[in-house]
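For reference, the chains in residue letters:
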Amino acid sequence: MQPATEGRTPAELLAAARDGERRAIARLLTLVERGGGAADAIAGATHRLAGTAHVVGITGAPGSGKSTLTSALTTLLVAGGRRPAVVAVDPSSPLTGGAILGDRVRMEAATVAGVFVRSMATRGHGGGLALAVPGAVRVLDACGFDPVVIETVGVGQVEVDVVAAADTAVVVVTPGWGDAVQANKAGLLEVADLFVVNKADRPGASDARRDLDLMLDLTEVSGACPKRRPVIVETTATKGEGVEDLLAAIDAHHAVLVGGTGLEVRRARRLAAEVRARLDHLLGEAAGQALVEAGPVAGETTVETARRLAGRILGTGDTG
Amino acid sequence: MGAAPIRVVLAKLGLDGHDRGLKVVARMLRDAGMEVVYLGLRQTTGTIVDAVEQEDADVVGISMHNAGHLTLAPLIVAALADAGLGDVPVVIGGVVPDEDLDELAAAGVGAVLGPGASAVEVVASVRGVVDAGVRATGD
Amino acid sequence: MHPDRRTLSGIPVDPVYGEGPLPGEYPYTRGIHAGMYRDRHWTMRMFAGFGTAEDTNGRFKELLRSGGTGLSTAFDMPTLMGRDSDHPLAIGEVGRAGVAVDTVDDMADLFADIDLAAVTTSMTINGPAPILLAMYVAVAEEGGVERRLLAGTLQNDILKEYQAQKEYLFPPRPSVRLVTDVIRFTAAEMPRWNPVSVSGYHIREAGSTAAQELAFTLANGFAYVEAAAAVGLDVDEFAPRLSFFFNSHSDFFEEIGKFRAARRIWARWMRERYGARDERSLKLRFHTQTAGVSLTAQQPEVNIARVALQALAGVLGGTQSLHTDSYDEALALPSKEAARIALRTQQVIAHETGVADVADPLGGSAYVEWMTDELERRAGEVFDRLDDEGGGSILEGVYAGIESGWFMGEIAESAYRFEREVNAGDRVVVGVNAFTEGDEGGSSRLMRIGQDTEDLQRKRLAEVRLARDGSAVRTALARVADEAGRPEANLMPALLDAVRTRATVGEVVEVLEDVFGTYVETTVV
């Protein structure tokens, strides 16, 4: 398939994008999302240009107000003279592959303030998203956006992984809905650098905070979380309350990372995760290919077939 | 990997709050495998143009139930053209009498979906203007 | 009206048949009056509004001349959204789908040469409702009619705006305060006025089922009762003047069951939960409009039959007033001819069919009684849910359902299910997915409002702005802001002062937005 690039090569698009042409930025993101050769070319071209932006991941259950919070946060960043961009991830329908991406509605303040917002569908989960999001972040980073905020629904493992791969991972919970417990179940407690209790004007906000504290205590005791204890910030995003505190906490976390080895460690981990995703993708394709070319033969068990094909792929003979 | 999904920006332009049709169309397009960037109510030409640009939309669908389509449809077509997005087709839906179709076509509207358009018609219409656009730009 | 009625064959018929609680008896399942339409027909209230105030005034007078018995005002979208005709967002919408009212002078033109003490007037307005009511009162008083004589209905139902119609201006809680301000004001000073018309119509038009329309609407009614009680009103002070507004859709017996269930639920809840003692507080009075969403652009004449059957369901369900849609409304505002046919349809039902001779003629039908019970049961499930969510308060439960997007999600799901059924051919819509031959295409008599109306209205507004006393306007608006900031104050007196200075709808709304803030909905697609 020939992607519509208006006749421009990825390199030409990148040059235009770095000059601030929004449509070129958007088109690069499209190509990254589609994967394949053009995406690889863009990954190559942006690899050395990126690395400046602070990457912030924001996640929370549906209805936690994370879009409104992201909007308020990035609007505040614009007011402070910074140039944020948002990648808002929503799930694709597993049945049809289609998606309804509704984050811009709640981000209207940010879009009006000039924040670059890109909605992205998970497109069948797995490898696609795990590759597309870092690729998109690199494009935005290379185009001078800083910070780059990834906003995603924290329900699936893939989405959690995406946020975990950010420099600063923010988990949003709300009072009264057992969000803190859900966050624990989803494994978000381990990845969070910052917690936000949003809708803090509601009854139960202090309970939510206490639940979080309690669970963090338990996590620390179990030693499952060998990092800095996450800060808890209270916000009421719809009124803009607490958003300055959140921004200060995000900046403080960044400062800690930059001041020590944290940033390098995280970025190394992020690159490793991306390489792993690429590897999974490549091996998956090779496995499919091998299966077509040399599938099961009579008399062979499934384990034997798998080992034979693995050997064929890796060029090492039978791995059994 | 199959062809990438068609990306559609859907919005209501103006003040009217009738979003039943827009929501139904959003679901129809999703169920046809498209990615719908939903802007919802009370959008301006400015917010729609921003979204089309940043989301790299293949097509934009505007719903109007305010009898203002003859005024508003040309405004959005012009705003897209001014932003260098004149190649992104505009589909208008809502309460549009047949007798207005020629005037809307002349104003640069790619397709019009009247009251009672079926899911098949909606999806075919959106795909139709996107395919026609690809042919027109020749790539 | 003469009391004895005979069929066309000359057989005399009783005013009512059956056993058990009869019409006029608690819980009013069979109707709120013993005699029902034998004593008095429903009000034939035809909704109208387009162009400038003068244009609509002409239509009003014509409706009164053709035997209409009440006025009903449709405002244009900028007015409904609290924006003046010269606001940038109003472009293309001034006077198009209703009448444009910017200042009290437009309101005066709208009702020129109509005796406001003699008619009843319904105003379909919600977000800016208190401002428009203030204008109506100001016009009446400038014309020498005291406010206590004014009879009519203000829709003023903001909760369903968040759930369905989306014409909200401020966040839910300050908006409900405005609703209770109007309730307090009319309870004290306008005894013939209905301060809220709790409206399921728009919930249904947005795609809900009949059961959802019933449940959400009554829940909103309970929410207003709780809100008014919370500001210190006794339930029997205001509940007799609460009225309802339902949709009458195409599923004939389901609709009839819905109207009957609504009366029964309301009576029981008002007595048992809210402690109402005045019988009038227990009686659910409602206006009905046929289902605009059921009108088809294909073979539009068929809509005349749809409207007649839906209207008949409303009458058999015991409605107090009725608007019948015009057959050409799927495409444009009703033309004069189509609006007349719609009114004549009601007159055929009232005078030719004999259905008005007997109260609740379907009472006792096994199917109708079962349907009534079943809809009541389904509504009960929704009330339980909202009560739980609200920790024992339906009002809080409704707020929670709005904030979480629950109502919108339920409605959108139903709308999409219906659409899929039609698309799959599982539901027949005559002329759309079956029996499609014979469609002649578009009508050439559509009523159009052109750009000239918008230009004219802007010019009128500019003249008013120029002629008024600017400092008086500023002073009055400052007082509105001040009173808005004091939750215990009633805004109505300040609003009356403001509109008398010729402050515009948009100016007042902007002042209120500064105090109350604006609202972004929880999007559920």
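Parameters at a glance
Residues numbered from 1 in each chain as written. Chains lettered and ligands numbered in written order. Predicted model: local features only at pLDDT ≥ 70, side-chain atom pairs only at ≥ 80, totals over all residues. Heavy atoms only, no water. Helix = DSSP H or I, 4+ residues; strand = E, 2+ residues; numbered from the N terminus. Rg over C-alpha atoms; globule rule 2.2 N^0.38 Å. Buried < 20%, exposed > 50% of the residue type's maximum accessible area, 1.4 Å probe, protein only. Pairing = 2+ DSSP bridges. Right-handed = clockwise from strand over helix to strand, strands pointing away. Salt bridge = Lys/Arg side-chain N within 4 Å of Asp/Glu carboxyl O. Contact = heavy atoms within 4.5 Å. Buried area = accessible area lost by both parts, 1.4 Å probe. pLDDT = per-residue confidence, 0-100. Phe/Tyr/Trp six-rings, centres within 6.5 Å; stacked < 30°, edge-to-face > 60°. Axes fitted to C-alpha atoms, helices over the stretch in contact; angles between N-to-C directions. Parallel < 35°, antiparallel > 145°, perpendicular 65-115°, else oblique. Left-handed = near helix turned anticlockwise from the far one by under 90°. Nonpolar A, V, L, I, M, F, W, Y, C, P; charged D, E, K, R; others polar. Expected span 1.5 Å × (residues − 1). Polar contact = N/O pair within 3.5 Å; in protein donor to acceptor, adjacent residues only side chain to side chain. Patch = residues over 30% accessible without salt bridge, like charges linked within 9 Å, V, L, I, M, F, W, Y side chains within 5 Å. Areas by Shrake-Rupley, 256 points an atom, 1.4 Å probe, with all protein chains shown as cover.

### Side note on the overall build of chain B
In step 1: Of the regular secondary structure elements, chain B holds five helices and five strands.
In step 2: For chain B, the N- to C-terminal ordering of α and β elements is β-α-β-α-β-α-β-α-β-α.
In step 3: In terms of C-alpha radius of gyration, chain B reaches 14 Å, essentially the compact-globule figure of 14 Å for 139 residues.
In step 4: Across its three principal axes, chain B shows a C-alpha extent of roughly 45 × 30 × 25 Å.
In step 5: Counting every position in chain B, which comprises 139 residues, the buried fraction comes to 60%.

### Here's the deal with the pairing of strand β6 (residues 151–154) of chain C
All names here are of chain C.
In step 1: Of the two faces of β6, the one lined by A151 and T153 and the one lined by G152 and L154 are each fully buried.
In step 2: In the sheet, strand β5 (residues 120–124) pairs with β6 via four bridges, with the strands oriented parallel. If you follow S122 over to β6, its bridge partner there is T153.
In step 3: Crossover β5 to β6 through helix α4 (residues 129–142) is right-handed.

### Details of the pattern of salt bridges
Think of it this way: side chains of opposite charge can pair up when their charged atoms draw near.
In step 1: Here the structure, examined in full by the defined rule, presents 77 salt bridges over all chains.
In step 2: With its nearest N and O atoms 2.7 Å apart, the salt bridge here joins A:R27 to B:D56. Taken as a pair, A:R27 in helix α2 (residues 22–34) and B:D56 in the loop between α2 (45–54) and β3 (59–64) lie in two separate chains rather than in one.
In step 3: On the basis of relative accessibility, which here comes to 9%, the residue A:R27 falls in the buried class.
In step 4: The closest approach of N and O atoms between A:R123 and B:E35, which form a salt bridge, is 2.5 Å. Taken together, the positions of A:R123 in the loop between β4 (116–121) and α7 (127–142) and B:E35 in strand β2 (residues 35–43) put the pair across two chains.

### Here we look at the interface of chain C and chain B
In step 1: With 45 residues of chain C at the contact, the number on the chain B side is 36 residues.
In step 2: Note on chain C versus chain B: buried area summed over both sides is about 3100 Å², and carbon and sulfur give 55% of it.
In step 3: On the chain C side of the contact with chain B, C:Y416, C:R448 and C:V525 bury the most area, a combined 21% of that side's loss.
In step 4: Where chain C touches chain B, the interface holds two salt bridges.
In step 5: A salt bridge links B:D19 to C:K166, with the shortest nitrogen-to-oxygen separation between them at 2.7 Å.

### Brief notes about the environment of C:P23
All names here are of chain C.
In step 1: Along the chain, P23 turns up in the loop between β2 (12–13) and β3 (43–48).
In step 2: Judged by relative accessible area, P23 falls into the buried class, the value being 4%.
In step 3: For the pair P23 and A34, spaced 11 residues apart in the sequence, the C-alpha separation amounts to 4.7 Å.
In step 4: When residues no more than four places from it in sequence are discounted, the contact partners of P23 are V16, R30, G31, H33, A34, A359 and D360.

### Some points on the confidence of the model for chain B
In step 1: Of the residues in chain B, 94% have a pLDDT of 70 or more, and the chain-wide mean is 89.
In step 2: Below pLDDT 50 for its whole length, residues 135–139 of chain B participates in six contacts with residues either more than four positions away or in separate chains.

### Considerations on the environment of C:A134
Residue and element names in this part refer to chain C.
In step 1: Locating A134 in the fold gives a position in helix α4.
In step 2: Overall, the relative accessible area of 0% leaves A134 in the buried class.
In step 3: What A134 contacts, discounting residues up to four positions off in sequence, is M492, L495, L496 and V499.

### Topic: the packing of aromatic side chains
All names here are of chain C.
In step 1: All chains considered together, the criterion is met by 28 aromatic pairs over all chains.
In step 2: Taking 5.4 Å as the distance between ring centres and 70 degrees as the angle between the ring planes, the aromatic pair formed by F170 and F516 counts as edge-to-face. With a gap of 346 residues between them, F170 in the loop between α5 (159–165) and α6 (172–189) and F516 in helix α20 (residues 505–516) connect regions that are remote in the sequence. Summarising the burial analysis for this pair, F170 and F516 share the class buried.

### What to know about the sheet that holds strand β3 (residues 99–101) of chain A
Strand pairs in the sheet, formed through backbone hydrogen bonds, run parallel or antiparallel to each other.
In step 1: Across the sheet, which stays open at both edges, the six strands sit in the order β3(A)-β2(B)-β1(B)-β3(B)-β4(B)-β5(B) with parallel pairing between neighbours. The open sheet has two free edges, formed respectively by β3 of chain A together with β5 (111–113) of chain B, since each of these has just one partner strand. Across the sheet, the mean angle from the axis of one strand to that of its neighbour is 25 degrees, orientation sign disregarded.
In step 2: Sheet topology note: the strand β1 (residues 7–13) of chain B/β3(B) ladder contains five bridges and is parallel. Its bridge partner lying in β3(B), B:L10 is registered against B:G61.
In step 3: Contacting β1, β2 and β3 of chain B, α2(B) runs over the sheet at an angle of about 165 degrees to β2(B).

### Some details on the packing of α2(B) against helix α3 (residues 69–82) of chain B
To characterise two packed helices, one gives the angle between the axes of the helices and the distance between these axes.
All names here are of chain B.
In step 1: Between α2 and α3, the least distance of the axes is 10 Å, while the angle of their chain directions is 45 degrees. It follows that α2 is oblique to α3 by the angle criterion. Two packed elements cross with a definite hand, and for α2 against α3 that hand is right-handed. Of the residues in α3, those in contact with T45, I48, V49 and V52 of α2 are L75, I76, A79 and L80.
In step 2: Residues belonging to the contact of α2 with α3 are distributed by class as follows: seven nonpolar, one polar and no charged.

### Describing unusual backbone geometry
In step 1: Here A:D146 and A:P147 are connected by a cis peptide whose omega angle stands at 0 degrees.
In step 2: You can see A:P147 is positioned in the loop between α7 and β5 (148–153).
In step 3: Backbone geometry at B:R42 places phi at a positive 55 degrees, although glycine is not the residue there.
In step 4: For B:R42, the location among the structural elements is in strand β2.
In step 5: On the basis of relative accessible area, B:R42 is assigned to the buried category, the value being 15%.
In step 6: Positioned with a positive phi, C:N156 is a non-glycine residue whose angle comes to about 50 degrees.
In step 7: Tracing the sequence through the fold places C:N156 in the loop between β6 and α5.

### What to know about helix α12 (residues 302–316) of chain C
Residues and elements named next belong to chain C.
In step 1: Across its 15 residues, α12 extends 22 Å between first and last C-alpha, which sits within 8% of the 21 Å expected from 1.5 Å per residue.
In step 2: By the burial criterion, the buried members of α12 are N303, R306, V307, Q310, A311, L312, A313, G314, V315 and L316.
In step 3: Against the buried residues of α12 lie β9 (242–248), α10 (252–273), β10 (286–290), β11 (321–323) and α13 (336–351).

### Considerations on helix α19 (residues 492–500) of chain C
Residues and elements named next belong to chain C.
In step 1: Every buried residue of α19 is listed here: M492, A494, L495, L496, A498 and V499.
In step 2: Turning to α19, the residues buried within the fold contact α3 (104–110), α4, α6, α18 (470–484) and α20.
In step 3: Remark: R502 follows α19 within two positions and exhibits a positive phi of approximately 75 degrees.

### Some remarks on the interface of chain C and chain A
In step 1: Between chain C and chain A, the contact holds seven residues from the first and five residues from the second.
In step 2: Summed over both sides, the interface between chain C and chain A buries roughly 560 Å², with carbon and sulfur atoms accounting for 53% of that surface.
In step 3: At the boundary of chain C and chain A, one finds one salt bridge.
In step 4: The residue C:E403 makes a salt bridge to A:R202 at a minimum N-O spacing of 2.4 Å.
In step 5: There are two residue pairs in polar contact (both at pLDDT 80 or more) connecting chain C and chain A.
In step 6: Across the side of chain C that touches chain A, the residue classes break down as two nonpolar, two polar and three charged.

### Describing a nonpolar patch on the surface
In step 1: Together, A:L279, A:L283, A:I313 and A:L314 line one region of the surface with nonpolar side chains, adding up to about 330 Å² of accessible area.
In step 2: Going through the elements one at a time, α13 (262–293) and α14 (302–314) of chain A are the ones with two or more residues in the nonpolar patch.

### Section: the packing of α12(C) against α13(C)
Residue and element names in this part refer to chain C.
In step 1: Between α12 and α13, whose axes approach to 10 Å, the crossing angle comes to 45 degrees. The orientation of α12 with respect to α13, classified from their angle, is oblique. α12 and α13 meet at a crossing whose hand is right-handed. Of α13, the residues touching α12 (which contributes I304, A308, A311, L312 and V315) are I341, T345 and I349.

### As for the sheet that holds β11(C)
Residue and element names in this part refer to chain C.
In step 1: Across the sheet, which stays open at both edges, the nine strands sit in the order β7-β6-β5-β4-β3-β11-β10-β9-β8 with parallel pairing between neighbours. Looking at strand neighbours, the two that pair on one side only are β7 (193–194) and β8 (196–199), the edges of this open sheet.
In step 2: The strands touched by helix α8 (residues 210–230) within the sheet are β8 and β9, with β9 carrying the most contacts at an inclination of about 165 degrees.

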